Amino acid sequence: MVAEGMLTTRQAAERLGVKPQTLYAYVSRGLIARVRAADGKGSLFAVADVDALAERNAQPARGGERPSGPAIRTELTLLEGDRLFYRGRDATHLAERWTFEATAVWLWTGREEPTARFAPPPAALAAAAGACADALPGTARVVDRFKAAVLAASVADPLSLDLRPESVVATGRTLVGALLAGVPERALPSGEGVAARLWARLSAAPASEPGVRALDAALVLLADHDIATSTYAARLAASTRANPYAVVTAGLAALDGPLHGGAGALARRVLVHAAETDPVTALAATLRDTGSVPGFGHVLYRDRDPRARALLRLLGDLPDPRGLLAVARELAELARERLGTFPGVDFALAVLAELCGFPQDAEEAVFALARTAGWIAHALEEYQSPPLRHRPTGVYTGDR
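Residues numbered from 1 in each chain as written. Predicted model: local features only at pLDDT ≥ 70, side-chain atom pairs only at ≥ 80, totals over all residues. Heavy atoms only, no water.

Draft legend 1. The side chain of serine 385, seen in detail. With respect to the secondary-structure elements, serine 385 resides in the segment after helix H18 (362–383). Taking relative accessible area as the criterion, serine 385 reaches 18% and is therefore assigned buried. In this structure the side chain of serine 385 is engaged in a polar contact, spanning 3.0 Å, whose partner is the backbone oxygen of glutamate 381. (Helix = DSSP H or I, 4+ residues; strand = E, 2+ residues; numbered from the N terminus. Buried < 20%, exposed > 50% of the residue type's maximum accessible area, 1.4 Å probe, protein only. Polar contact = N/O pair within 3.5 Å; in protein donor to acceptor, adjacent residues only side chain to side chain.)

Next comes the structure, spelled out in structure tokens:
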């Protein structure tokens with residue numbers, strides 16, 4: 001007798017329209033989990049897992065290739081037709097109308113709170129985060145200070161292990177403030193919003209209204225993006241019932257690399273090189289050195305990255321004495337004509353950082369702070385799901 005909600009190997013294979021051998025190949029690749037039958041002689045598969053894999057297999061490949069990781073059901077983010085949606089709302093529209101804080105609350109709760117504001121964290125947490133980050137050398141990146149601040153805030157929060165939804169949401173608000181508390185101010189903030197407070201930590205120059213608005217929009221557009229590598233790491237941590245601080249730490253660890261959070265800095269080098277020479281020279285140099293153009297194209301989009309288009313449109317309101325926007329347009333046109341690709345959000349973020357005179361690690365800092373909202377949202381989903389449900393199977397290839 002097969003337990004309710006479970007399928008035998010034959011039933012699961014038929015439901016997927018594949019052979020049993022193919023089904024076991026899915027298991028070995030971590031695309032679906034199996035459990036041993038009570039008699040120990042066969043395998044069983046959850047109906048929900050089989051249906052999720054069938055649904056995923058039926059979807060057309062995005063960007064010419066199909067993601068290869070395990071299928072994870074989520075109500076948070078949808079990528080469809082080169083558009084990005086947060087809980088059914090077009091993210092580019094939210095970036096025009098809502099603040100980062102309102103977007104975070106929407107992702108966390110599904111509630112509209114357009115005037116949401118995240119107050120600075122309690123004094124004890126702010127002091128701990130600041131002291132821990134201040135102990136780092138002056139050469140530390142902003143993201144390094146974020147990591148230290150999260151660790152210190154976790155230790156200082158006696159309720160860090162409270163995983164009830166309302167408590168996790170409160171922790172999310174605190175966490176964003178703790179990240180900011182870990183980075184020294186270079187100027188007085190122009191307002192109480194997260195974008196204004198972040199600006200004051202990235203630049204000593206007075207904040208302009210269009211600049212803060214563009215920075216806020218960047219935070220909104222980067223808040224979540226399907227199951228990216230760092231988000232998967234965060235969900236894995238949450239599946240073990242790690243607290244939200246540990247979840248964000250896991251996300252920050254996976255983000256810390258040139259192929260994820262560091263991609264914006266690489267794109268900025270191309271932009272600066274193009275401004276100092278010309279777009280053709282800059283493009284030729286990066287192709288020669290790396291074989292690719294950082295900040296252009298994306299596996300999940302076919303013709304355009306909606307986040308880049310929305311952010312680049314907002315940047316037209318910023319002062320541009322060096323003509324960077326014209327250079328960016330020339331680079332984008334050249335990349336499309338010669339390489340058949342398009343500017344991604346990392347490139348748009350690089351243009352924002354260079355226009356505003358932010359430090360060289362600013363792109364990664366903006367990305368990390370923004371994606372913290374997404375990691376907390378995914379943690380909330382994981383906390384409501386069965387624990388330890390993500391268990392890919394290793395395929396041994398060594399000597400026997």
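Picking up where we left off.
Draft legend 2. Local environment of unusual backbone geometry. Not every positive phi belongs to a glycine, and arginine 87 is a case in point at roughly 50°. For arginine 87, the position within the fold is in the loop between strand S5 (83–86) and strand S6 (89–90). With a phi close to 60°, aspartate 226 is a non-glycine residue in the positive phi region. Judged by its relative accessible area of 19%, aspartate 226 is buried.

Draft legend 3. Summary view of the packing of aromatic side chains. Enumeration according to the criterion identifies four aromatic pairs in this entry. Ring geometry for phenylalanine 296 against phenylalanine 347: centres 4.7 Å apart, planes inclined by 45°, an arrangement best described as tilted. Of this pair, phenylalanine 296 sits in the loop between helix H14 (279–290) and helix H15 (306–314) while phenylalanine 347 sits in helix H17 (residues 345–356), and the two are 51 residues apart along the sequence. For phenylalanine 347, a relative accessible area of 1% gives the class buried. For arginine 89, the ring lying beneath its charged end belongs to tryptophan 106, and the centroid distance is 4.5 Å. (Phe/Tyr/Trp six-rings, centres within 6.5 Å; stacked < 30°, edge-to-face > 60°. Lys NZ or Arg CZ within 6 Å of the ring centre and 35° of its normal.)

Draft legend 4. Representation of helix H10 (residues 209–221) within the structure. Compared with an ideal rise of 1.5 Å per residue, which puts 13 residues at 18 Å, H10 spans 18 Å between its outermost C-alpha atoms and is within 8% of the ideal. Most of H10 is tucked away, with 10 of its 13 residues classed as buried. Listing the buried residues of H10 in full gives Gly211, Val212, Ala214, Leu215, Asp216, Ala217, Ala218, Leu219, Val220 and Leu221. Residue serine 208 occupies the N-cap position of H10, its side-chain oxygen lying 3.0 Å from the main-chain nitrogen of glycine 211. (Expected span 1.5 Å × (residues − 1).)

Draft legend 5. Representation of the packing of H14 against helix H16 (residues 324–339). Two elements in contact, H14 and H16, have axes whose closest approach is 9 Å; the angle formed by their N-to-C orientations is 55°. Taken together, the axes of H14 and H16 are oblique relative to one another. Here the hand of the crossing between H14 and H16 comes out right-handed. Across from Pro279, Val280, Leu283 and Leu287 in H14, the residues of H16 making contact are Val327, Glu330, Leu331, Leu334, Ala335 and Leu339. Residues belonging to the contact of H14 with H16 are distributed by class as follows: nine nonpolar, no polar and one charged. (Axes fitted to C-alpha atoms, helices over the stretch in contact; angles between N-to-C directions. Parallel < 35°, antiparallel > 145°, perpendicular 65-115°, else oblique. Left-handed = near helix turned anticlockwise from the far one by under 90°. Contact = heavy atoms within 4.5 Å. Nonpolar A, V, L, I, M, F, W, Y, C, P; charged D, E, K, R; others polar.)

Draft legend 6. Expanded view of the pattern of salt bridges. Taken as a whole and assessed by the stated rule, the structure comprises 22 salt bridges. Note that arginine 164 is salt-bridged to glutamate 166, the shortest N-O span being 3.3 Å. Ionic pairing is found between arginine 268 and glutamate 354, a salt bridge with its closest N-O pair at 2.6 Å. A residue pair is termed long-range when its members are at least 10 positions apart, and arginine 268 in helix H13 (residues 263–276) and glutamate 354 in helix H17 qualify at 86 residues. Taken together, the shared-partner salt bridges in this structure form one network comprising Arg141, Asp144, Lys147, Asp256 and Glu364. (Salt bridge = Lys/Arg side-chain N within 4 Å of Asp/Glu carboxyl O.)

Draft legend 7. Here's a closer look at the confidence of the model for the chain. The pLDDT averaged across the chain works out to 90; a share of 95% of its residues lies at or above 70. Below pLDDT 50 for its whole length, residues 61–67 participates in 18 contacts with residues either more than four positions away or in separate chains. (pLDDT = per-residue confidence, 0-100.)

Draft legend 8. Representation of the packing of helix H6 (residues 123–134) against helix H8 (residues 165–181) in the model. Two numbers describe how H6 lies on H8: the axes approach to 8 Å, and their chain directions differ by 40°. Relative to H8, the element H6 lies oblique. Here H6 and H8 pass one another in a crossing that is right-handed. Contact residues: Leu125, Ala126, Ala129 and Gly130 in H6; Thr174, Ala178 and Ala181 in H8. Looking at the contact of H6 with H8 residue by residue, the classes come out as five nonpolar, two polar and no charged.

Draft legend 9. Focus on the sheet that holds strand S2 (residues 35–36). Pairing is antiparallel across the open sheet formed by three strands, whose spatial order is S1-S3-S2. Among the strands making up the open sheet, the edge pair consists of strand S1 (6–8) and S2. Pairing of S1 with strand S3 (residues 43–46) involves three bridges; the strand directions are antiparallel. From the neighbouring strand, methionine 6 faces S3, where its bridge partner is alanine 46. Along the sheet face, helix H1 (residues 9–16) touches S1 and S3 and points at about 95° away from the line of S1. (Pairing = 2+ DSSP bridges.)

Draft legend 10. Spatial organisation of the pairing of S3. Residue alternation in S3 divides its side chains into two sets, Ser43 and Phe45 and Leu44 and Ala46, and both sets are buried. Two elements, S2 and S3, share two bridges in a ladder whose sense is antiparallel. Bridged to arginine 36 within S3 is serine 43. The antiparallel hairpin formed by S2 and S3 contains six residues in its connecting segment, where glycine 40 sits at a positive phi of about 75°.

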